[in-house]
Amino acid sequence: MFEMKERSGLGRIGELRTNHGVVETPALMPVVNPSNLVITPKDLARQFGIQILITNAYIIWKSELRQRFLDDGLHRALDFEGPIMTDSGAFQQHVYGRVDVSNEDIVRYQVALGADLGTVLDVFSEPDDKRRLCEEAVEETLRRSRDAVEWGEGMGLVGTVQGGLHMDLREYCARGLAELPMRVHAIGGVVPLMEAYRFTDLIDVIVASKKGLRPDRPVHLFGAGHPVTFGLAVLLGCDLFDSAAYVKYAQDGRMITRWGTTKVDELAYVSCNCPACHSASPKELQEDVGRLAQHNLYVSLQELEELKQAIHEGSLWEHVERRCRAHPSLLDALKGLRDHVGFLERYESLVGGTLFYTGPESVWRPVAYRFRQRMLKRYSPPRAEGVLILPEGARPYTRTYSNTLRDLFQKADAHAVVRSVFGPVPVELDSVYPIAQSVIPSDLDLEAVEASEVLLREFLRRGYFSVGILWEGEATIDELASKAPGPTAVDMDMQKCQAIANYQFGPGAADALLEGKVEFVKSKKTKKIRNVFVDGEHVLSLRARDGLFTMKLAGGKRLHGALRPPKLRVVVNEESAPLNREGKNVFAKFVVDCDDDIRPLDEVLVVDGDDELVAIGRALMNREEMRAFERGMAVRVREGSRLP
Ligand SMILES: [Zn+2]
């Protein structure tokens, strides 16, 4: 069983339950070779806080340890109390070109060893294998995975996604595995990609696999032991990693850093302060493989801790964008993420931390892409003759341009749009996440400027306004006024509420929410709208933090009446509905279905099977997750329909 605790991107902090305890993910599983223990499992737990190990059942099975491990059991034989995963040796048998153990034998052997997680003997495909060969490997892998279900009884089965570089085969294989009762899924066949720095192929493989897998099962990226790839993989939803690298690199005289690798022979300074390096001289590290292995493990674990903190802060994208500057091939992969932005956006929370621009790739973050998409699909402009296009500037734009806007609205019948680096921003949406919450350099990359031009032209082509003029100084307003004489007859407070409501809840939402006598309660200090009352009822509150609305029950009732199912709905079963009516939270296992457009942190309507409104609240998952997860909260309920 797996539960998601926190999220950022597709990355998540989760809890994986096993027979030997709970593992917090993302987690690194050090590879332990029982015939060559560089760091003992006991020390891995005690000194490094390692929660879960991985060892190769095939290598044990082949060695003279086979019987002793059966007699003692894996945990006693390795002297490790936490969960242990075993590998079936598919990779080794692929490399040595012979299969000397059957799927049934190795699965049963893993069960007999007492492995917490044991792996099906999948069929490995090389990245350059032709389609036909990969197809056969996928079918055989699926057949073996189905067979293993019976033999693996009592053990958490791990089913590995294969398919080479044929993304449809990857997704097909993943879908087939997702239907089987497995505990964890692995993505296999990726070591050759990482060894050759083919990170763009790697992200394509991870995304294709994730598309087919179920979001409620942890994903293990097989063979990814160097911390330089952890960030990208975690961002794309990988939860488990295995590292043989900490030992292999040490034996090879290489020191792992979070940016790459340093040859220990060339070490003149010890720039690391981990417990292994602290007070060590370069010579001591050069001469002590054990110490170097310890360093390699510490630095790998440190990267995972930083990733977890980034998930907690909602800043995983920034972290990964920065890490991807470590190697040009990683930068290519980062740029390649834009090809998947539609899929990534589905899992991206509605709001997050401050968006720091790190380069032109930042414009392709899912939150920025979502802003543009929702603008295209949901925005309706005020009735005005002309539009003034203002340049990118300090946030919030309405403060930066307050004098200009006052002048404009007095003289001309016009609206104003800022040509932001993330796309055109009508001024009434300037406080909405991520626009006001982003920090950008004053000197922008040409690539980003060009992208914003294209987006602006797309916006203007929609023909909302008959006259459009680019800001070139004070005279521009007079020029615009001569073509579209003012003043502007738009109530900006109303326009702002309408635009945000439609942006957030979809077309038609503003009409439903704001029909009647509208009153605003404003902050005394900032003069900003705080609460929206309609016909004396409190329907919405505007959050200062992200510029979006918090729905009140009265607002929920209006939206429920106006928007047809499945819009904004989370449908719960009859066991859950009475509890949610009382204001209790919605747990994923009770969700029947939900609107496909719901994203984590969206405001939602909780309804029963007859579409009766039972509560309103905030979604913590998207549709795929609500339907899949057996554990965890799907909606944090704010108000039940049966008020005390
Ligand atoms: Zn160190």
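Please read all numbers here as calculations on a predicted model, not as lab measurements. (Residues numbered from 1 in each chain as written. Predicted model: local features only at pLDDT ≥ 70, side-chain atom pairs only at ≥ 80, totals over all residues. Heavy atoms only, no water.)

Focus: the overall build of the chain
Next, step 1: Helices and strands together make up the secondary structure of the chain, namely 27 helices and 29 strands.
Next, step 2: Whereas a compact globule of 644 residues would reach a radius of gyration of roughly 26 Å, the chain reaches 28 Å, a difference of no more than 12%.
Next, step 3: With the C-alpha coordinates aligned to their principal axes, the bounding extent of the chain is approximately 90 × 60 × 50 Å.
Next, step 4: Going through the 644 residues of the chain one by one, you find that 58% of them count as buried.
Next, step 5: Separation of charge centres in the chain, based on 82 positive and 93 negative side chains, amounts to 4 Å. (Helix = DSSP H or I, 4+ residues; strand = E, 2+ residues; numbered from the N terminus. Rg over C-alpha atoms; globule rule 2.2 N^0.38 Å. Buried < 20%, exposed > 50% of the residue type's maximum accessible area, 1.4 Å probe, protein only. Lys, Arg positive; Asp, Glu negative; His and termini not counted. Charge placed at Lys NZ, Arg CZ, Asp CG, Glu CD.)

Here's the deal with the sheet that holds strand β1 (residues 2–8)
Next, step 1: Read from one edge to the other, the open sheet built from three strands follows the order β1-β2-β3, with strand pairing classed as antiparallel. Looking at the sheet topology across the chains shown, the edges are occupied by β1 and β3 (21–25). Within the sheet, the average angular offset between the axes of one strand and its neighbour, ignoring direction, is 15 degrees.
Next, step 2: Where strand β2 (residues 11–18) and β3 come together, five bridges link them in antiparallel fashion. Of the residues in β3, the one forming a bridge with arginine 17 is valine 22. (Pairing = 2+ DSSP bridges. Axes fitted to C-alpha atoms, helices over the stretch in contact; angles between N-to-C directions.)

Digging into the nonpolar core
Next, step 1: In this structure, Leu44, Phe69, Leu221, Phe241 and Leu337 are the most contacted members of the largest nonpolar core, which totals 98 residues.
Next, step 2: The element best represented in this core is helix α14 (residues 289–313), accounting for nine residues.
Next, step 3: Residues Leu350, Ala448, Ala509 and Leu514 belong to the second largest nonpolar core, which totals 72 residues. (Core = buried A, V, L, I, M, F, W, Y, C linked by side-chain atoms within 4.5 Å.)

As for the coordination of the zinc ion
Next, step 1: For the zinc ion, every protein donor is listed as Cys272 (SG), Cys274 (SG), Cys277 (SG) and His295 (ND1), and the spread of their distances is 2.0 to 2.3 Å.
Next, step 2: The site at the zinc ion holds four donor atoms, and with the angles between them running 98 to 119 degrees, its shape is tetrahedral. (Donors = N, O, S within 2.8 Å, 3.2 Å for Na, K, Ca; no water. Tetrahedral: all angles 85-135°; square planar, octahedral: opposite > 155°, others 65-115°.)

Some remarks on a nonpolar patch on the surface
Next, step 1: Taken together, the side chains of Phe91, Val95 and Tyr96 present a nonpolar region at the surface, about 300 Å² in accessible area.
Next, step 2: Topologically, phenylalanine 91 is positioned in helix α5 (residues 90–96).
Next, step 3: The class of phenylalanine 91 is partly exposed, set by a relative accessible area of 31%. (Patch = residues over 30% accessible without salt bridge, like charges linked within 9 Å, V, L, I, M, F, W, Y side chains within 5 Å. Areas by Shrake-Rupley, 256 points an atom, 1.4 Å probe, with all protein chains shown as cover. Salt bridge = Lys/Arg side-chain N within 4 Å of Asp/Glu carboxyl O.)

So, the pairing of strand β22 (residues 537–542)
Next, step 1: Pairing of strand β21 (residues 529–534) with β22 involves four bridges; the strand directions are antiparallel. In the sheet register, asparagine 531 faces β22, and the bridge partner there is serine 541.
Next, step 2: Linking β21 back to β22 in an antiparallel pair, the connection comprises two residues, with aspartate 535 at a positive phi of about 50 degrees.
Next, step 3: Pairing between β22 and strand β23 (residues 549–551): three bridges, direction antiparallel. Its bridge partner lying in β23, leucine 542 is registered against phenylalanine 549.
Next, step 4: Taking the residues between adjacent antiparallel strands as the criterion, β22 and β23 are bridged by six residues, where glycine 547 takes a positive phi near 70 degrees.

Re the sheet that holds strand β24 (residues 569–572)
Next, step 1: Sheet architecture is open: six strands sit in the order β25-β29-β28-β27-β24-β26, paired in mixed fashion. Every interior strand has two partners, whereas the edge strands, β25 (586–587) and β26 (591–594), have only one.
Next, step 2: Where β24 meets β26, three bridges bridge the pair, whose relative direction is antiparallel. Directly across from valine 571, in β26, lies its bridge partner aspartate 593.
Next, step 3: In the packing of helix α25 (residues 553–562) onto the sheet, contacts are made with β24, β27 (603–607), β28 (613–619) and β29 (633–640), and the angle to β28 comes to roughly 105 degrees. (Contact = heavy atoms within 4.5 Å.)

A few points about the environment of threonine 398
Next, step 1: Topologically, threonine 398 is positioned in helix α19 (residues 397–400).
Next, step 2: C-alpha separation for the pair threonine 398 and isoleucine 13, spaced 385 residues apart in sequence, amounts to 37 Å.
Next, step 3: Discounting residues that sit within four places of it in the chain, threonine 398 has contacts with Leu405, Val427 and Asp430.
Next, step 4: Polar side-chain contacts of threonine 398 include one of 2.6 Å to the side chain of aspartate 430. (Polar contact = N/O pair within 3.5 Å; in protein donor to acceptor, adjacent residues only side chain to side chain.)

A short note on the packing of aromatic side chains
Next, step 1: Scanning all chains against the criterion turns up eleven aromatic pairs.
Next, step 2: With centroids separated by 4.4 Å and ring planes inclined at 40 degrees, the aromatic side chains of phenylalanine 48 and tyrosine 298 adopt a geometry described as tilted. Taken together, the residues phenylalanine 48 in helix α1 (residues 41–48) and tyrosine 298 in helix α14 connect sequence positions 250 residues apart. In this pair, the class of phenylalanine 48 matches that of tyrosine 298, namely buried.
Next, step 3: Between the aromatic rings of phenylalanine 91 and phenylalanine 124, the centroid separation amounts to 5.1 Å while the plane-to-plane angle is 50 degrees, which identifies the pairing as tilted. (Phe/Tyr/Trp six-rings, centres within 6.5 Å; stacked < 30°, edge-to-face > 60°.)

Overview of the pattern of salt bridges
Next, step 1: The tally for this structure, following the rule as stated, stands at 56 salt bridges.
Next, step 2: A salt bridge links arginine 395 to glutamate 392; the shortest N-O distance between them is 2.7 Å.
Next, step 3: Judged by relative accessible area, arginine 395 falls into the buried class, the value being 16%.
Next, step 4: Two residues, aspartate 407 and lysine 411, come together in a salt bridge whose shortest N-O distance is 3.6 Å.

Quick notes on the packing of α14 against helix α15 (residues 316–323)
Next, step 1: For the pair α14 and α15, interaxial distance at closest approach is 8 Å and the crossing angle is 140 degrees. Compared by their axis directions, α14 and α15 come out oblique. Mapping the contact onto sequence places Glu303, Glu306, Leu307, Ala310 and Ile311 in α14 and Leu316, His319 and Arg323 in α15.
Next, step 2: Class assignment of the residues belonging to the contact of α14 with α15 gives a composition of four nonpolar, one polar and three charged. (Parallel < 35°, antiparallel > 145°, perpendicular 65-115°, else oblique. Nonpolar A, V, L, I, M, F, W, Y, C, P; charged D, E, K, R; others polar.)

Focus on the side chain of glutamate 428
Next, step 1: With respect to the helices and strands, the residue glutamate 428 is situated in the loop between β17 (423–426) and β18 (438–439).
Next, step 2: Of the side chains with opposite charge, lysine 496 lies nearest to the buried glutamate 428, which makes no salt bridge, at 9.0 Å.
Next, step 3: At 2.7 Å, the side chain of glutamate 428 and the side chain of glutamine 495 are in polar contact.
Next, step 4: With residues near it in sequence (within four places) discarded, glutamate 428 still touches Tyr379, Pro382, His415, Met492, Gln495, Lys496, Ala499 and Ile500.

These figures come from the coordinates and say nothing about function on their own.
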